[in-house]
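# Chains, contacts and geometry: an overview
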Amino acid sequence: MSGETSFEADLSLDVAKLARDEAYVRRGFWAKVRRVAAALPFVEDLLTAYYCAFDRATPRHVQAALLGALAYFVLPFDIIPDMLPVLGYTDDAAVLATALKLVASHIRPEHRAAAKRALARELNE
């Protein structure tokens, strides 16, 4: 017997999954945002979620929820293909809106300000 309880094993798996999600989002997020920002009415919320998720002061459970939503956005395959006009990003918007609602008390003005700056920078390039 390893001496590790089921809770400890589950926790280590959750931490490993969070690290994988974080790396996946970091790799693909900005490239996709640059490609589709002009077409997304929820791009500012998307960027706000990104800055909150990568803020070291954000609790782990909040980071996990936001990284899951962001990873869904980055995924090349999802329930409604992103290339479909009008409908393509509705599932991404729904997943993001749900995550943001769940963690709304952890979204700080600094996250929103960083999102606005990043959006202004992306649109000016």
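Rules used throughout
- Residues numbered from 1 in each chain as written.
- Predicted model: local features only at pLDDT ≥ 70, side-chain atom pairs only at ≥ 80, totals over all residues.
- Heavy atoms only, no water.
- pLDDT = per-residue confidence, 0-100.
- Helix = DSSP H or I, 4+ residues; strand = E, 2+ residues; numbered from the N terminus.
- Phe/Tyr/Trp six-rings, centres within 6.5 Å; stacked < 30°, edge-to-face > 60°.
- Buried < 20%, exposed > 50% of the residue type's maximum accessible area, 1.4 Å probe, protein only.
- Lys NZ or Arg CZ within 6 Å of the ring centre and 35° of its normal.
- Salt bridge = Lys/Arg side-chain N within 4 Å of Asp/Glu carboxyl O.

## A few points about the confidence of the model for the protein
For the protein, per-residue confidence averages 82 on the pLDDT scale, and 76% of positions sit at 70 or higher. For the protein, the element scoring lowest by mean pLDDT is helix α1 (residues 6-36), at 72; helix α2 (residues 43-53) scores highest, at 96.

## What to know about the packing of aromatic side chains
Inspection of the entire model under this criterion finds 8 aromatic pairs. Between the aromatic rings of phenylalanine 73 and tyrosine 89, the centroid separation amounts to 6.3 Å while the plane-to-plane angle is 40°, which identifies the pairing as tilted. A residue pair is termed long-range when its members are at least 10 positions apart, and phenylalanine 73 in helix α3 (residues 60-74) and tyrosine 89 in the loop between α3 and α4 (90-102) qualify at 16 residues. The pair phenylalanine 73 / tyrosine 89 is uniform in exposure class, with both members buried. Here a set of aromatic residues connected by ring pairs shows up, and it is made of Phe29, Trp30, Tyr50, Tyr51, Phe54, Phe73 and Tyr89. Its end group placed over the ring of phenylalanine 73, lysine 32 keeps NZ or CZ at 4.9 Å from the ring centre.

## Overview of the pattern of salt bridges
Per the counting criterion, the structure on display carries 5 salt bridges. Glutamate 22 serves as the salt-bridge partner of arginine 26, at 3.6 Å between the closest nitrogen and oxygen. Of the two residues, arginine 26 and glutamate 22 both sit in helix α1, 4 residues apart, roughly one turn of that helix. Relative accessible area serves as the criterion here: at 45%, arginine 26 is assigned to the partly exposed category. The shortest N-O distance in the salt bridge between glutamate 44 and lysine 116 comes to 3.3 Å. Remark: lysine 116 occurs in helix α5 (residues 109-124) and glutamate 44 occurs in helix α2; sequence separation between them is 72 residues. One salt-bridge network, held together by shared partners, links Asp55, Arg108 and Glu110.

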